[in-house]
There are 4 protein chains.
Amino acid sequence: MLEEQFKVRFYETDALGHVNNTVVPMWIETGRLPIFEFFGEMSPETQSLIVARLEVDYARPIFFGSNVTVKTYVSRLGGSSFDISTEIWQKGELCAKGKTILVYFDFKEQKSIPLTDGLRSRLVTLTHPEHPLDA
Amino acid sequence: MLEEQFKVRFYETDALGHVNNTVVPMWIETGRLPIFEFFGEMSPETQSLIVARLEVDYARPIFFGSNVTVKTYVSRLGGSSFDISTEIWQKGELCAKGKTILVYFDFKEQKSIPLTDGLRSRLVTLTHPEHPLDA
Amino acid sequence: MLEEQFKVRFYETDALGHVNNTVVPMWIETGRLPIFEFFGEMSPETQSLIVARLEVDYARPIFFGSNVTVKTYVSRLGGSSFDISTEIWQKGELCAKGKTILVYFDFKEQKSIPLTDGLRSRLVTLTHPEHPLDA
Amino acid sequence: MLEEQFKVRFYETDALGHVNNTVVPMWIETGRLPIFEFFGEMSPETQSLIVARLEVDYARPIFFGSNVTVKTYVSRLGGSSFDISTEIWQKGELCAKGKTILVYFDFKEQKSIPLTDGLRSRLVTLTHPEHPLDA
């Protein structure tokens, strides 16, 4: 599992006085950046990871003035795709939970490709200590 | 159903050469703004709509240089919550599809409240012409 | 002069209840996109326009709930650079004024290049009707 | 002087392959947040700091994959306004330099108010070690 602290930025708030809902996907992307590095250089030609689906459950408002902790972990490992789960915590409370489905994709062939054993062995090091992988 | 054209903004692209995934939730929010007006003034005290969940399926990359069409419609109408579905089209192709679960909420009482008949009758005018409401 | 209406997006507001200052540069960029097209395809190899400097004067807060009018015009035409001025109006009042200095640049040679007569004649069509070009 | 490291976020890049120009004002705002705290709680009623003007000089492209260092310091201290200068460094090179003019403002009276001695003495601790204040 990866864990990182983000300062809440003032421009990330909205007129309702807390962090706008659309900011959470940005934090989710930022939290998983170290995983992108497993897959090498990203470019329109060589990119190998596609975001296929994003789910976010919003549990509590997130406020300016206190850091958030972003926990990122691999929650499913399929043949050519895998899920990354993300938890956003503030002041000891779970505020939002995300799941991103990523597909390993060959742009030249325009089809998904199996995750290599090397990638699988690296991804499996990033599971959540308390949650086994989903089937 | 609401339908709106957005110019793709250059800052919405990323280094992979197309629109970044995190932009789609922003377009989804912007597309449903007319629905927020049904619920009156939004403020931390009087706000009555909470985003409880967001789902986005990304089907195709979205490019700079051509408008997107954002179609927004009510796809489920529950007791105190409802779903808004959003389709993002570019050049005649469906590029992303979102679903947002919104809850009508009383902040003072800290509990959800039933949608009034007046709200229900306005929301029901915004369904998709080809898709009946989900149960 | 170019003139465009933008709906204020809710995520563009901040906890002070109006549009965050950092949004204005995004509108300024979006307003000048038609000028970018004069310079052909943009890419890290062929890009020919560099933003060298940005100035923004903030005169009044901008609010959610009412469109802004973005007026974009060429205000200086130099040898290899030019200025674009931008005005953000809401409800008949000038809320922010920007100036962007753009340089026509050859990335392979790593130096600025003179604006061609063809480019100059197109840029000069976009001046403000009431303001002659700056020297 | 304040100094902070920011990871470059992937969504902050654009299709030209580097960080979009509009991101720099967001980093500038984030870098000065500790100074906002000197002025107490921010709200539409009690807010006391207005961004009157922003200037950014862009010297070099900023890339994904390496942190930026954001240096924030007070560069002018006037009667009721002051300037904050910001430098964005990456890999030992100055990539962008900003100046923000902030005005201490009474919203009820709708006029600027003098900086108190207490505020001045706190602001003066944040000058740049090598640059005296501007007149």
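For clarity, every value in this text was computed on a predicted model and none was experimentally measured. (Residues numbered from 1 in each chain as written. Chains lettered and ligands numbered in written order. Predicted model: local features only at pLDDT ≥ 70, side-chain atom pairs only at ≥ 80, totals over all residues.)

*Asks:* Break down the overall build of chain A for me, with residues and values.
*Replies:* Scanning chain A for helices and strands turns up three helices and six strands. Listing the helices and strands of chain A from first to last along the sequence gives β-α-α-β-β-β-β-β-α. Over its C-alpha atoms chain A spans a radius of gyration of 16 Å, differing by no more than 12% from the 14 Å that the globule rule assigns to 135 residues. Across the 135 residues in chain A, those meeting the buried criterion constitute 36%. Of the contacts formed within chain A by residues at least 6 apart in sequence, a portion of 67% connects residues at least 24 apart. (Helix = DSSP H or I, 4+ residues; strand = E, 2+ residues; numbered from the N terminus. Rg over C-alpha atoms; globule rule 2.2 N^0.38 Å. Buried ≥ 20, exposed ≤ 12 C-beta atoms within 10 Å, placed from the backbone. Contact = placed C-beta atoms within 7 Å.)

*Asks:* Could you give me a rundown of helix H1 (residues 23–31) of chain D, with the residues and numbers involved?
*Replies:* With respect to burial, H1 of chain D is a largely interior element, nine of its nine residues being buried. Along H1 of chain D, the residues that are buried comprise Val23, Val24, Pro25, Met26, Trp27, Ile28, Glu29, Thr30 and Gly31 of chain D.

*Asks:* So what about the interface of chain B and chain D? Which residues, and what values?
*Replies:* Where interface size is quoted, it is often the accessible area lost as the parts come together. Counting from both sides, the interface comprises nine residues of chain B and, opposite them, nine residues of chain D. Per-class residue counts for the side of chain B that touches chain D are four nonpolar, four polar and one charged. (Nonpolar A, V, L, I, M, F, W, Y, C, P; charged D, E, K, R; others polar.)

*Asks:* Which residues make up the relation of the copies chain B and chain D, and what are the values?
*Replies:* Of the transformation superimposing chain B on chain D, the axial component is 0.0 Å and the angular component is 180°, with the fit at an RMSD of 0.0 Å. Taken together, the rotation and translation relating the two chain copies correspond to the operation of a two-fold axis. For chain B, the smallest separation between a C-alpha atom and the rotation axis is recorded for Asp14 of chain B, amounting to 1.9 Å. By residue overlap, the copies meet face to face through one surface: 100% of the interface positions of chain B are interface positions in chain D. (Least-squares fit on C-alpha atoms with pLDDT ≥ 70 in both.)

*Asks:* Can you tell me about the nonpolar core, naming the residues and giving the values?
*Replies:* Counting 56 residues, the largest nonpolar core has Val24, Trp27 and Ile88 of chain A together with Val24, Trp27 and Ile88 of chain B as its most contacted members. When sequence neighbours within four positions are dropped, the list of residues in contact with Val24 of chain B reads Val56, Ile88, Ala96 and Gly98 of chain B. The next biggest cluster of nonpolar side chains, apart from the first, holds 54 residues, and it includes Tyr11 of chain A, Tyr73 of chain C together with Val74 and Ala96 of chain D. (Core = buried A, V, L, I, M, F, W, Y, C linked by C-beta atoms within 7 Å.)

*Asks:* Would you mind going over the environment of Gly92 of chain D in detail, with residue names and values included?
*Replies:* All names here are of chain D. Inspection of the secondary structure assignment puts Gly92 in the loop between strand E4 (81–90) and strand E5 (93–106). Gly92 sits in the exposed class, given 6 other C-beta atoms within 10 Å. Remark: the alpha-carbon pair of Gly92 and Thr69, spanning 23 residues in sequence, is separated by 9.0 Å.

*Asks:* Give a description of the pairing of strand E5 (residues 93–106) of chain C that names residues and reports values.
*Replies:* All names here are of chain C. Sheet topology note: the strand E2 (residues 49–58)/E5 ladder contains nine bridges and is antiparallel. Directly across from Leu54, in E5, lies its bridge partner Thr100. As judged from the 10 bridges shared by strand E4 (residues 81–90) and E5, these two strands associate in the antiparallel manner. Residue pairing for E5: Glu87 is matched across the bridge by Lys97. Of the strand pairs in this sheet, E5 and strand E6 (residues 111–112) are connected by two bridges, and their pairing is antiparallel. Within E6, the residue paired with Phe105 across the bridge is Ser112. Two successive antiparallel strands, E5 and E6, enclose a turn made up of four residues, where Gln110 displays a positive phi of approximately 60°. (Pairing = 2+ DSSP bridges.)

*Asks:* Please give an account of the confidence of the model for chain A that cites residues and values.
*Replies:* Looking at chain A, the pLDDT average stands at 92 and 93% of residues meet or exceed 70. Predicted complex metrics record ipTM = 0.94 and pTM = 0.96. (pLDDT = per-residue confidence, 0-100.)

*Asks:* Give a detailed account of unusual backbone geometry, specifying residues and quantitative values.
*Replies:* All names here are of chain C. Not every positive phi belongs to a glycine, and Lys91 is a case in point at roughly 50°. Among the structural elements, Lys91 can be located in the loop between E4 and E5. Looking at Lys91, the number of C-beta atoms within 10 Å reads 12, which means it is exposed.

*Asks:* Any details on the environment of Glu130 of chain D? Residues and values, ideally.
*Replies:* All names here are of chain D. Inspection of the secondary structure puts Glu130 in the segment after helix H3 (117–123). Judged by the 7 C-beta atoms lying within 10 Å of it, Glu130 is exposed. Residues Glu130 and Phe6, 124 residues apart in the sequence, show an inter-C-alpha distance of 23 Å.

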